[in-house]
Amino acid sequence: MTEHPRLQDRPDWLYLLRDYYELYRRLSAGGSAKIRSHQKTVRDGISRVIKANAEVQEHAPLDKPVTAHWRRALDNGRMERHAPFIRALESVQGHLVWQYGYEKVPRGLERKYAYAELVGPTGPVITDEVILGLVLFAPGCTYPAHAHDGISESYICLSGAVSENDQGVYAPGSLIFNPPEQRHRITVAEQNPALLCYAWTGAREKLANQKMVFSRGPRK
């Protein structure tokens, strides 16, 4: 049986994890105890992954139509304070597997959205401690309302601008927090793509079996 490399054998992934940790250390919690606690939970998960020298399973890259906007999203992100994180993403971009995560994607969304897991049960960095990844949205995308069972979720906007549930605008450097079961819908500005990184925390069995489901919400 072939033995897979570990984090110490793939320094680009190790550097990315350390930079992810720093993002969640430096960003303000805005006075929210819940967000501050979530940030610490994410950092603790990342620390355990690094300490365990997690297995790395790199795959051939897989694109989706929205990845035509990837270069523009990176270019815009380089102008922000988190430019070092953008450079860390560039170092592993040849191993990103972009996917939809839904059995049935609404018409039109397949050209405007995809995500790539970086750390989690399906890798490339294999763990059940935390899930970290990227979401890329095309300009003008509307990402339908959905929720996560037992999962606390946060997004950090790396480039572009988005709104969640039509409540405020999140520019680069902003953090969006969604507690478990909270329905959220994302809209994207018209002129540029939006690139977000995300973190999911929760019980191991929830992280391993999480399914995202679109919801129409209650009738009015």
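**Student:** I keep staring at the overall build of the chain and nothing clicks. Help me out?
**Tutor:** For the chain, the count of helices and strands is five helices and 12 strands. In summary, the chain has a C-alpha radius of gyration of 16 Å against a globular reference of 17 Å for 220 residues, a match within 12%. With the principal axes as the frame, the chain shows a C-alpha extent of 55 × 35 × 35 Å. Each of the 220 residues in the chain was classed as buried or not, and the buried ones make up 46%. Here the contacts in the chain between residues at least 6 apart in sequence split such that 74% fall between residues at least 24 apart.

**Student:** It is not clear to me how helix α2 (residues 33-51) should be interpreted in this structure. Could you clarify?
**Tutor:** Since one α-helical turn is 3.6 residues long, residues separated by three or four positions face the same way. An ideal rise of 1.5 Å per residue puts 27 Å on 19 residues; α2 measures up with 27 Å between its terminal C-alpha atoms. Listed in full, the buried residues belonging to α2 are I35, H38, Q39, V42, R43, G45, I46 and V49. Projection of α2 onto a plane perpendicular to its axis shows the buried side chains occupying an angular sector of 160°, all on one side. In α2, the exposed positions angled more than 90 degrees off the buried face are occupied by A33 and K51. Close packing links the buried residues of α2 with α1 (11-26), β3 (125-126), β4 (131-137), β6 (152-159), β9 (175-178) and β11 (194-201). Taken from the residues just after α2, N53 is the one with a positive phi, measuring 50°.

**Student:** What should I look at first to understand the pairing of β11 in this one?
**Tutor:** Regular strands place their side chains on alternate faces of the sheet. In terms of burial, β11 is largely enclosed, as eight of its eight residues are buried. Along β11, one buried face is formed by A194, L196, Y198 and W200 and the opposite face, lined by L195, C197, A199 and T201, is buried too. As judged from the seven bridges shared by β4 and β11, these two strands associate in the antiparallel manner. Across the sheet, the residue bridging to L136 is L195, located in β11. With seven bridges joining them, β6 and β11 adopt antiparallel strand pairing.

**Student:** Got a minute to help me understand the packing of aromatic side chains in this structure?
**Tutor:** Given two aromatic rings, their pairing is described by the distance between the two centres and the angle made by the two planes. Per the stated rule, a full pass over the model turns up eight aromatic pairs. Plain terms: the ring middles of Y20 and Y24 are 6.2 Å apart, the flat faces sit at 15° to each other, and that makes the pair stacked. Placement of the pair is Y20 and Y24 together in helix α1, with a separation of four residues, close to one helical turn. The class for Y20 is buried, based on a relative accessible area of 1%. Both rings, one in Y198 and one in W200, keep their centres 5.7 Å apart while their planes meet at 45°; by these two values the pair is tilted. Y198 gets classed as buried once you look at its relative accessible area, which sits at 4%. Taken together through their ring pairs, the aromatic side chains of Y100, Y113, F137 and Y143 make up a single cluster.

**Student:** Would you mind going over the environment of C197 with me for this structure?
**Tutor:** Among the structural elements, C197 can be located in strand β11. If near-sequence neighbours (up to four positions away) are discounted, C197 is found in contact with Y20, L23, F85, G133, L134, S154, Y155, I156 and L158.

**Student:** Is there a simple way to explain the nonpolar core in this structure?
**Tutor:** Where a protein is soluble and globular, its nonpolar side chains tend to be buried together. Grouped together as the largest cluster of nonpolar side chains are 44 residues, with contacts concentrated most on L134 and L158. At seven residues, the largest contribution of residues to this core is made by α1. Listed in part, the 21 residues of the second largest apolar core include Y102, Y113, Y143 and Y198.

**Student:** Looking at this structure, how should I read helix α4 (residues 83-92)?
**Tutor:** The set of residues buried in α4 consists of A83, F85, I86, A88, L89 and V92. Buried-residue contacts for α4 involve α1, α3 (70-77), β2 (113-120), β4, β6 and β11.

**Student:** Got a minute to help me understand the state of the cysteines in this structure?
**Tutor:** Linking two cysteines covalently via their sulfur atoms produces the bond known as a disulfide. Within this structure, the stated rule accounts for zero disulfides. Just so you know, C157 is unpaired, no disulfide at all, and the nearest cysteine sulfur is the one on C197, 9.2 Å from it. Among the residues examined, C157 registers a relative accessible area of 1% and is labelled buried. Residue C197 is classed as buried on the basis of its relative accessible area of 0%.

The rules behind these values
Residues numbered from 1 in each chain as written. Predicted model: local features only at pLDDT ≥ 70, side-chain atom pairs only at ≥ 80, totals over all residues. Heavy atoms only, no water. Helix = DSSP H or I, 4+ residues; strand = E, 2+ residues; numbered from the N terminus. Rg over C-alpha atoms; globule rule 2.2 N^0.38 Å. Buried < 20%, exposed > 50% of the residue type's maximum accessible area, 1.4 Å probe, protein only. Contact = heavy atoms within 4.5 Å. Expected span 1.5 Å × (residues − 1). Arc of directions from axis to C-beta. Pairing = 2+ DSSP bridges. Phe/Tyr/Trp six-rings, centres within 6.5 Å; stacked < 30°, edge-to-face > 60°. Core = buried A, V, L, I, M, F, W, Y, C linked by side-chain atoms within 4.5 Å. Disulfide = S-S within 2.5 Å.

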